[in-house]
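# Structural overview for review
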Amino acid sequence: DLALRDFTINAMFFDPESERLLDYVGGEADLRAGIVRAVGAPERRFREDHLRQLRAVRFAARLGFEIEPLTWSALTRLAPLCVQTSAERIRDELRLMLTEGGARKAFELLDASGMLSAILPEVNRLHGVAQPPEFHPEGDVWVHTLLLLEQLPPGCSPTLALAALLHDIGKPDTQTHDNRIRFNEHDALGADMARAICDRLRLPRSTTDRVVWLVRNHMRLAHMPGMRESKRRRLAREPGFPELTALCTLDIRASHGRLDLIDWIAAYLEEVPEK
């Protein structure tokens with residue numbers, strides 16, 4: 001049984017009668033050392049089930065562990081094959097990476113291994129997309145996205161997490177250079193791209209609709225102070241408005257850091273009638 005398991009830290013047994021840990025593969029030592037190591041021959045384990053490549057990344061990110069060198073080498077060699085499993089299983093692993101904690105490390109490992117370009121080529125294209133330094137001193141769109149992922153708390157909603165990952169997905173195709181770098185309509189294009197990605201991953205319709213709404217509206221809060229009161233109240237009554245505010249907060253903290261808008265919205269919500 002243990003020879004068919006994925007990683008040594010998942011291949012230990014406990015005898016409840018003798019109260020003994022039965023460990024034939026060094027799982028306890030790897031657990032104490034913080035190592036994700038495949039059981040037996042790593043390439044064989046991954047070829048048995050390519051989802052294990054994603055699980056290795058998730059465990060390493062969630063637990064703060066390192067992936068053992070031979071396991072990592074096999075994982076990177078087989079990176080393009082990670083898509084040879086159902087979209088639903090890939091979706092579930094990505095959801096856990098984004099919501100269990102350690103989302104930034106998970107996506108850095110996906111990127112370094114080559115799996116990101118296989119699973120989410122749209123996200124992979126964020127590398128090297130320059131942004132105006134007066135609004136984004138942190139760097140390109142990929143760095144900005146990682147900074148959002150770094151802020152995601154364990155247990156956050158999948159819709160907020162996915163919107164954080166995909167909110168700027170439209171920037172590579174809308175970048176223009178005149179007197180400064182611009183991304184006109186990147187929110188609208190990004191919403192369409194987010195829907196295509198969510199559909200590809202077989203996300204539930206309600207989840208997809210919320211993620212698309214968040215991506216489409218993530219720039220809209222900046223205009224809220226200048227809106228007509230009726231329009232402003234309609235926006236504040238939207239079911240996704242609390243998540244939209246949370247996304248905007250993450251976005252600002254991962255860029256210029258000026259939270260005046262978020263403070264204004266909080267004050268407005270305190271003053272507006274409950275209905």
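So, a few notes on the structure that sits alongside this text.

### Details of the overall build of the protein chain
Looking only at helices and strands, the protein chain features 15 helices and six strands. By its C-alpha atoms, the protein chain is 70 × 45 × 35 Å across when sized along the principal axes. Taking the contacts inside the protein chain whose residues are at least 6 apart along the sequence as the reference set, 67% of them involve residues at least 24 apart. Split by element, the accessible area of the protein chain, about 13300 Å² in all, is 52% carbon and sulfur. Across the protein chain, 37 positive and 41 negative side-chain charges occur, with their mean positions spaced 4 Å apart.

### As for the pattern of salt bridges
Under the definition given, this model contains 26 salt bridges. In this structure, Arg200 and Glu122 form a salt bridge, with 2.7 Å as the shortest nitrogen-oxygen distance. With Arg200 in helix α11 (residues 186-200) and Glu122 in helix α8 (residues 121-124), this residue pair connects regions lying 78 residues apart in the sequence. On the basis of relative accessibility, which here comes to 36%, the residue Arg200 falls in the partly exposed class. Across the pair Glu229 and Arg232 runs a salt bridge whose closest N-O atoms are separated by 2.6 Å. Taken together, the residues span about one helical turn, with Glu229 and Arg232 both in helix α13 (residues 229-237) at a distance of three residues.

### Side note on the side chain of Thr207
Assignment of secondary structure puts Thr207 in helix α12 (residues 205-217). The exposure class assigned to Thr207 is buried, which follows from its relative accessible area of 17%. If sequence neighbours within four positions are ignored, Thr207 has contacts with Thr159 and Leu162.

### Focus: the environment of Val272
Tracing the chain through its elements places Val272 in the segment after α15 (260-271). When the C-alpha atoms of Val272 and Ala236 are compared, they prove to be 9.7 Å apart, with 36 residues separating the residues in sequence. Residue contacts for Val272: discarding those within four places in its chain leaves Glu229 and Arg233.

### Quick notes on unusual backbone geometry
One non-glycine residue with positive phi stands out, namely Glu185, at about 65°. Using a relative accessible area of 58% as the deciding quantity, one classes Glu185 as exposed. For Arg202, which is not glycine, the phi torsion reads 60° and is therefore positive. Its place among the elements puts Arg202 in the loop between α11 and α12.

### Points about the packing of aromatic side chains
All told, the structure shown has three aromatic pairs when counted by the stated rule. An aromatic cluster of at least three residues, connected via ring pairs, comprises Phe7, Phe46 and Phe59. A cation over a ring is seen here: Lys171 above Phe183, with NZ or CZ 4.7 Å from the ring centre.

### Brief notes about the layout of surface pockets
Approximately 730 Å³ is the volume found for the largest pocket. Broken down by secondary-structure element, the contributors of at least two residues to the lining of the largest pocket are β6 (181-183), α11 and α14 (241-253). Taken together, the residues of the lining of the largest pocket sort by class into nine nonpolar, eight polar and eight charged.

### Things to note about the packing of helix α10 (residues 158-166) against α14
Angle between the axes and distance between the axes are the two parameters that describe a pair of packed helices. Relative to each other, α10 and α14 sit at 40°, their axes nearing to 10 Å. Here α10 lies oblique to α14, going by the angle between them. Classified by chirality, the crossing of α14 by α10 is right-handed. For the pair α10 and α14, contact is made by Thr159, Leu160, Ala163 and Ala164 and by Glu243, Ala246, Leu247 and Leu250, respectively. Grouping the amino acids of the contact of α10 with α14 by side-chain chemistry returns six nonpolar, one polar and one charged.

### Points about the packing of α14 against α15
Direction vectors running N to C along α14 and α15 enclose 155°, while the axes themselves pass 10 Å from each other. Classified by the interaxial angle, the pair formed by α14 and α15 is roughly antiparallel. Touching Phe241, Thr245, Cys248, Thr249 and Ile252 of α14 are Leu261, Ile262, Ile265 and Leu269, all from α15. Its residues assigned to classes, the contact of α14 with α15 shows seven nonpolar, two polar and no charged.

### With respect to empty space enclosed by the protein
Summed over all chains, the structure comprises one cavity of 30 Å³ or more. Here the largest cavity is characterised by a volume of approximately 110 Å³. Lining the largest cavity are 15 residues, with Arg91, Leu94, Arg95, Leu98 and Leu162 sitting closest to its centre. Those elements giving two or more residues to the lining of the largest cavity turn out to be α5 (87-99) and α10. Each residue belonging to the lining of the largest cavity can be placed in one class, and the counts come to 12 nonpolar, one polar and two charged.

Scoring rules and cut-offs
Residues numbered from 1 in each chain as written. Predicted model: local features only at pLDDT ≥ 70, side-chain atom pairs only at ≥ 80, totals over all residues. Heavy atoms only, no water. Helix = DSSP H or I, 4+ residues; strand = E, 2+ residues; numbered from the N terminus. Contact = heavy atoms within 4.5 Å. Areas by Shrake-Rupley, 256 points an atom, 1.4 Å probe, with all protein chains shown as cover. Lys, Arg positive; Asp, Glu negative; His and termini not counted. Charge placed at Lys NZ, Arg CZ, Asp CG, Glu CD. Salt bridge = Lys/Arg side-chain N within 4 Å of Asp/Glu carboxyl O. Buried < 20%, exposed > 50% of the residue type's maximum accessible area, 1.4 Å probe, protein only. Phe/Tyr/Trp six-rings, centres within 6.5 Å; stacked < 30°, edge-to-face > 60°. Lys NZ or Arg CZ within 6 Å of the ring centre and 35° of its normal. 1 Å grid on protein atoms, 1.4 Å probe; cavity = no way out; pocket = protein on both sides within 12 Å on 5 of 7 lines; lining within 4 Å. Points joined across faces, edges and corners; volume = space filled by probe spheres on them. Nonpolar A, V, L, I, M, F, W, Y, C, P; charged D, E, K, R; others polar. Axes fitted to C-alpha atoms, helices over the stretch in contact; angles between N-to-C directions. Parallel < 35°, antiparallel > 145°, perpendicular 65-115°, else oblique. Left-handed = near helix turned anticlockwise from the far one by under 90°.

Just distances and angles here, no functional claims.
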